[in-house]
Amino acid sequence: MKAIIASAVALLGTLASALPAHSLVPRAVLELPRLVLYYQTTHDSQSLPISMLPLITEKGIALTHLIVCSFHVNYNGVVHLNDYPPGHPLFYTMWNETLIMKEAGVKVMGMVGGAAAGSFDTVTLDGDVINFEIYYRQLRDAIIYYGLQGMDLDVEQPMSQAGITRLVQRLRADFGPDFVITLAPVASALRGGANLSGFNYKQLETAVGPDIDFYNAQFYNGFGDLGTITDFGRVVSQGWNPRKILAGQITTSSNGAGFIPYDRLNATISALRTMYGQIGGIMGWEYFNSQPGGLAQPWQWAQVMTAILRPNEVPRLTITKAKAEGLIQAWKDSVLGGMVGGADGGNTIAAVKVPELTPNVDYMAMVNA
Ligand SMILES: *[C@@H]1O[C@H](CO)[C@@H](O)[C@H](O)[C@H]1NC(C)=O
Ligand SMILES: *[C@@H]1O[C@H](CO)[C@@H](O)[C@H](O)[C@H]1NC(C)=O
Ligand SMILES: *[C@@H]1O[C@H](CO)[C@@H](O)[C@H](O)[C@H]1NC(C)=O
């Protein structure tokens, strides 16, 4: 642990010189309504990094939280981000870019769990004291090392009431009051309907509600629908504070069932805000292929959602030449690291010739200071 913190400090020092301080004016963040987006797919079909920076450099976007995912806790193994340990060179671009996101006032969180089971098993995070400590500490160390500002618990496998309560309490105790702790239930689980987590969310809220910042409720895949206000209303009628519940939506029909066209979604959100004064916000799963821009311009989803939710709260970011150069270097190192590390079997990525390495995102064009 000490070694990890020491190297984290050294790393931050390195980054600080690669990406020098600048005169960024922190934006006064009005948190509600939140605009939350998951970032899971890190590379395109040619194994090149997918930049998240258009989410702050393109006009008209007021993202509040970006959730890097999916962390998996592995019994008898180490924590992974998708298919690799989070320190794999493939992720250099992503981690370097999260620093810029944070400077722009976007909260960068992690998510553990998701569709792949294992993280919340009775031998891992839902385990006895000994196992819990082993696997929780791996997660905790990753949060510290990557400077994550929050953690989303996406429990999609049965977990005990005591187990989820312990995990929330421990994160709060270790990371303090400003750390963002969220859960990502399927919407129906909030009203006693179909659930994937086993435990009771109302009981959890009663036990540790003040420690949970909000719920990224999944209103899709048959567990809820945002075509009308009905399903969100059913959740609120069970006693939930509408400001703590996000209208979670898939960003394209390629990511699941129940995609709602944006004019329809706007009508629902607008009606909900009229009815409740305010709601928790909108959550989207996931960034890389979001409509209407698709693979080429996935940030357009966030532009549309900003227009729906918080059109007058768009942040400004200053990117210096030195910072752009640091990002270009990280991008090259990410791609080279993927080749050296033999990620994805070295198939597609080996086709990229080293001298031709040019980022697929124009960092220099972002320079504005
Ligand atoms: C969750 O769903 C399972 C069945 O899939 C059910 O046995 C259990 O009681 C449900 N839990 C809650 C808290 O509703
Ligand atoms: C959303 O709907 C409201 C209410 O009908 C309307 O005033 C607003 O212009 C719409 N916003 C967008 C971005 O379509
Ligand atoms: C940023 O990229 C550099 C490579 O250019 C890498 O050494 C460093 O570890 C990356 N930062 C993080 C936080 O991953």
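Residues numbered from 1 in each chain as written. Chains lettered and ligands numbered in written order. Predicted model: local features only at pLDDT ≥ 70, side-chain atom pairs only at ≥ 80, totals over all residues. Heavy atoms only, no water.

1. Thoughts on the nonpolar core
Phase 1: Counting 91 residues, the largest nonpolar core has Leu55, Phe71, Met151, Leu153 and Leu183 as its most contacted members.
Phase 2: In this structure, Tyr38, Val180, Tyr220 and Met283 belong to the second largest nonpolar core, which totals 14 residues. (Core = buried A, V, L, I, M, F, W, Y, C linked by side-chain atoms within 4.5 Å. Buried < 20%, exposed > 50% of the residue type's maximum accessible area, 1.4 Å probe, protein only.)

2. A word on the packing of aromatic side chains
Phase 1: This structure, assessed with the given rule, holds 14 aromatic pairs.
Phase 2: For the ring pair Phe199 and Tyr201, a centre distance of 4.6 Å and an interplane angle of 50 degrees mean the geometry is tilted. Summarising the burial analysis for this pair, Phe199 and Tyr201 share the class buried.
Phase 3: For the pair Phe232 and Tyr276, a centre-to-centre distance of 6.2 Å together with 40 degrees between the ring planes defines the contact as tilted. Remark: Tyr276 occurs in helix 8 (residues 262-276) and Phe232 occurs in helix 7 (residues 230-236); sequence separation between them is 44 residues.
Phase 4: Look at Phe232 and you get buried, because its relative accessible area is 0%.
Phase 5: Taken together, Phe199, Tyr201, Tyr215 and Trp240 form an aromatic cluster joined through their ring pairs.
Phase 6: Directly above the aromatic system of Trp240 lies the positively charged group of Lys202, at a separation of 5.5 Å from the ring centroid. (Phe/Tyr/Trp six-rings, centres within 6.5 Å; stacked < 30°, edge-to-face > 60°. Helix = DSSP H or I, 4+ residues; strand = E, 2+ residues; numbered from the N terminus. Lys NZ or Arg CZ within 6 Å of the ring centre and 35° of its normal.)

3. Here's the deal with the site of ligand 2
Phase 1: Within the structure, ligand 2 sits among Asn266, Ser270 and Ala307.
Phase 2: Asn266 places a polar side-chain atom, nitrogen or oxygen, 2.3 Å from an oxygen atom of ligand 2.
Phase 3: Summarising the interface, the protein chains cover 34% of the accessible area of ligand 2, which totals 360 Å² for the free molecule. (Near = heavy atom within 4 Å. Polar contact = N/O pair within 3.5 Å; in protein donor to acceptor, adjacent residues only side chain to side chain. Areas by Shrake-Rupley, 256 points an atom, 1.4 Å probe, with all protein chains shown as cover.)

4. Remarks on the site of ligand 1
Phase 1: Around ligand 1, the neighbouring residues are Asn195, Gly198, Phe199 and Asn200.
Phase 2: Contact distances for ligand 1 include 2.3 Å between an oxygen atom and a side-chain N or O atom of Asn195.
Phase 3: Interatomic distance of 3.2 Å between a backbone N/O atom of Gly198 and a nitrogen atom of ligand 1.
Phase 4: Compared with its free state, where it exposes 360 Å², ligand 1 has 38% of that area covered by protein.

5. Digging into helix 3 (residues 92-103)
Phase 1: Helix length check: helix 3 (twelve residues) gives 17 Å between terminal C-alpha atoms against 16 Å at 1.5 Å per residue, within 8%.
Phase 2: Of all twelve residues in helix 3, nine are buried; the element is thus mostly enclosed.
Phase 3: All of the buried residues along helix 3 are Thr93, Met94, Trp95, Asn96, Glu97, Thr98, Leu99, Ile100 and Met101.
Phase 4: The positive-phi residue at the C-terminal boundary of helix 3 is Gly105, with phi of around 95 degrees. (Expected span 1.5 Å × (residues − 1).)

6. Quick notes on the packing of helix 4 (residues 129-145) against helix 5 (residues 161-175)
Phase 1: Contact geometry of helix 4 with helix 5 gives a least axis separation of 12 Å together with a crossing angle of 45 degrees. By the angle class used here, helix 4 and helix 5 are oblique. Crossing geometry of helix 4 relative to helix 5 is assigned as right-handed. Packed against helix 4, whose contacting residues are Val129, Phe132, Glu133, Tyr136, Arg140, Ile143 and Ile144, the element helix 5 presents Arg166, Leu167, Arg170, Leu171, Asp174 and Phe175 at the interface.
Phase 2: A class-by-class count of the residues in the contact of helix 4 with helix 5 yields eight nonpolar, no polar and five charged. (Axes fitted to C-alpha atoms, helices over the stretch in contact; angles between N-to-C directions. Parallel < 35°, antiparallel > 145°, perpendicular 65-115°, else oblique. Left-handed = near helix turned anticlockwise from the far one by under 90°. Contact = heavy atoms within 4.5 Å. Nonpolar A, V, L, I, M, F, W, Y, C, P; charged D, E, K, R; others polar.)

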